Amino acid sequence: MLHGILTLIVGTVAAIVAGVLLLRFWMQAVRMRAPASVAQFIFRLSDWLVLPLRRVLPGVGGYDWPCLVGAYLIALIATAVDMLVISPFSFQTLLLLAVLRLLQWAFYGLMGLLIIEAVFSWVNPQAPLAPVVRALNEPLLRPLRRIIPLVGNIDLSPLAALLLLQIVLQVLRSLVLSLA
């Protein structure tokens, strides 16, 4: 019971912090400026880790690598806590499971953004955050929109993207289960 509570707390906090770090990385990768309130929230929640990492690891190629490395470190710590309680482990297994956990968080985040965009399009396309979510989803949807035509003026590319992300998550889950 205590293991379950510890795993829940560590996993939840780690997912939130790593999710914010991944969002910060993705926003800078797609060259998107968030509204001031959203940006302030993201920066305040992640600066404690990103700023020290920037002293060691500068951004290269227009990407904010400290955000991505910080998210990986959070995944590594969360995975180590899980594995310490469960069973003995090798260092290589720990590193690989942390990568897989980080990828899972990234795909869940992309799926969440796609669902939010769908809700905005149905409920309130003029919502203040709708352009932000659209800009974050555009790099993922653009290639699919070239392949999938509109059907009766309905864009099915978000549905295809959700399906593809689900398939990738299934593959990741099977990898995690085979390693754990």
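First things first, this report covers the structure right here in the doc. Computed from a predicted structure; not experimentally measured.

Definitions and cut-offs
Residues numbered from 1 in each chain as written. Predicted model: local features only at pLDDT ≥ 70, side-chain atom pairs only at ≥ 80, totals over all residues. Heavy atoms only, no water. Helix = DSSP H or I, 4+ residues; strand = E, 2+ residues; numbered from the N terminus. Buried < 20%, exposed > 50% of the residue type's maximum accessible area, 1.4 Å probe, protein only. Contact = heavy atoms within 4.5 Å. Areas by Shrake-Rupley, 256 points an atom, 1.4 Å probe, with all protein chains shown as cover. Lys, Arg positive; Asp, Glu negative; His and termini not counted. Charge placed at Lys NZ, Arg CZ, Asp CG, Glu CD. Axes fitted to C-alpha atoms, helices over the stretch in contact; angles between N-to-C directions. Parallel < 35°, antiparallel > 145°, perpendicular 65-115°, else oblique. Left-handed = near helix turned anticlockwise from the far one by under 90°. Nonpolar A, V, L, I, M, F, W, Y, C, P; charged D, E, K, R; others polar. 1 Å grid on protein atoms, 1.4 Å probe; cavity = no way out; pocket = protein on both sides within 12 Å on 5 of 7 lines; lining within 4 Å. Points joined across faces, edges and corners; volume = space filled by probe spheres on them. Core = buried A, V, L, I, M, F, W, Y, C linked by side-chain atoms within 4.5 Å. Bend = angle between axes of the 7 residues up to and from the residue. Salt bridge = Lys/Arg side-chain N within 4 Å of Asp/Glu carboxyl O.

## Some thoughts on the overall build of the chain
Here comes step 1: In terms of helices and strands, the chain carries six helices and zero strands.
Here comes step 2: Principal axes of the C-alpha set define a box for the chain whose edges measure 55 × 35 × 35 Å.
Here comes step 3: Of all 180 residues assigned to the chain, the portion counted as buried reaches 33%.
Here comes step 4: Within the chain, counting contacts between residues at least 6 apart in sequence, those at least 24 apart form 62% of the total.
Here comes step 5: Total accessible area on the chain is roughly 10,800 Å²; 74% of this is exposed by carbon and sulfur atoms.
Here comes step 6: Of note, the chain has its 12 positive side-chain charges centred 4 Å away from the centre of its 6 negative side-chain charges.

## A look at unusual backbone geometry
Here comes step 1: Here arginine 31, not a glycine, exhibits a phi torsion of approximately 55°, which is positive.
Here comes step 2: Tracing the chain through its elements places arginine 31 in the loop between helix 1 (2-29) and helix 2 (36-56).
Here comes step 3: You can call arginine 31 exposed: its relative accessible area is 56%.
Here comes step 4: Positive phi values are uncommon outside glycine, yet asparagine 153 reaches one of about 65°.
Here comes step 5: In this structure, asparagine 153 sits in the loop between helix 5 (130-147) and helix 6 (157-179).
Here comes step 6: By relative accessible area, which is 72% here, asparagine 153 ends up exposed.

## With respect to the packing of helix 4 (residues 91-123) against helix 6
Here comes step 1: For the pair helix 4 and helix 6, the least separation of the axes is 10 Å and the interaxial angle reads 160°. Of the possible angle classes, the one that applies to helix 4 and helix 6 is roughly antiparallel. The element helix 4 and its partner helix 6 pack so that their crossing is left-handed. Together, Thr93, Leu96, Leu97, Leu100, Leu103, Gln104, Phe107, Tyr108, Leu110, Met111, Leu114 and Ile115 of helix 4 and Pro158, Ala161, Leu162, Leu165, Gln166, Val168, Leu169, Leu172, Arg173, Leu175, Val176 and Leu179 of helix 6 make up the contact between the two elements.
Here comes step 2: In terms of residue class, the contact of helix 4 with helix 6 is built from 20 nonpolar, three polar and one charged.

## So, the layout of surface pockets
Here comes step 1: Reported here for the largest pocket is a volume of approximately 460 Å³.
Here comes step 2: For the lining of the largest pocket, the secondary structure elements donating two or more residues are helix 1 and helix 4.
Here comes step 3: Examining the composition of the lining of the largest pocket, we find that 11 residues originate from one element, helix 4, more than from any other.

## With respect to the nonpolar core
Here comes step 1: Counting 34 residues, the largest nonpolar core has Leu21, Ala71, Ile74, Leu102, Trp105, Phe107 and Leu165 as its most contacted members.
Here comes step 2: Where this core is concerned, the elements lending two or more residues are helix 1, helix 2, helix 3 (65-86), helix 4, helix 5 and helix 6.
Here comes step 3: It is helix 4 that contributes the most residues to this core, 10 residues altogether.
Here comes step 4: Among residues more than four places away in sequence, those in contact with tryptophan 105 are Ala14, Ala15, Ala18, Leu22, Ala75 and Ala78.
Here comes step 5: Met27, Met32, Val132 and Val133 belong to the second largest nonpolar core, which has 10 residues in total.

## Digging into helix 2
Here comes step 1: Remark: the principal bend of helix 2, roughly 65°, maps to aspartate 47.
Here comes step 2: Buried residues of helix 2: Ala39, Ile42, Ser46, Leu49, Val50 and Leu53, and no others.

## Structural notes on the pattern of salt bridges
Here comes step 1: In the structure shown here, the tally under the stated rule is six salt bridges.
Here comes step 2: Glutamate 138 is the salt-bridge partner of arginine 142, the closest N and O atoms lying 3.7 Å from each other. With arginine 142 and glutamate 138 both in helix 5 and four residues apart, the pair spans about one turn of that helix.
Here comes step 3: Assessed through its relative accessible area of 26%, glutamate 138 is described here as partly exposed.

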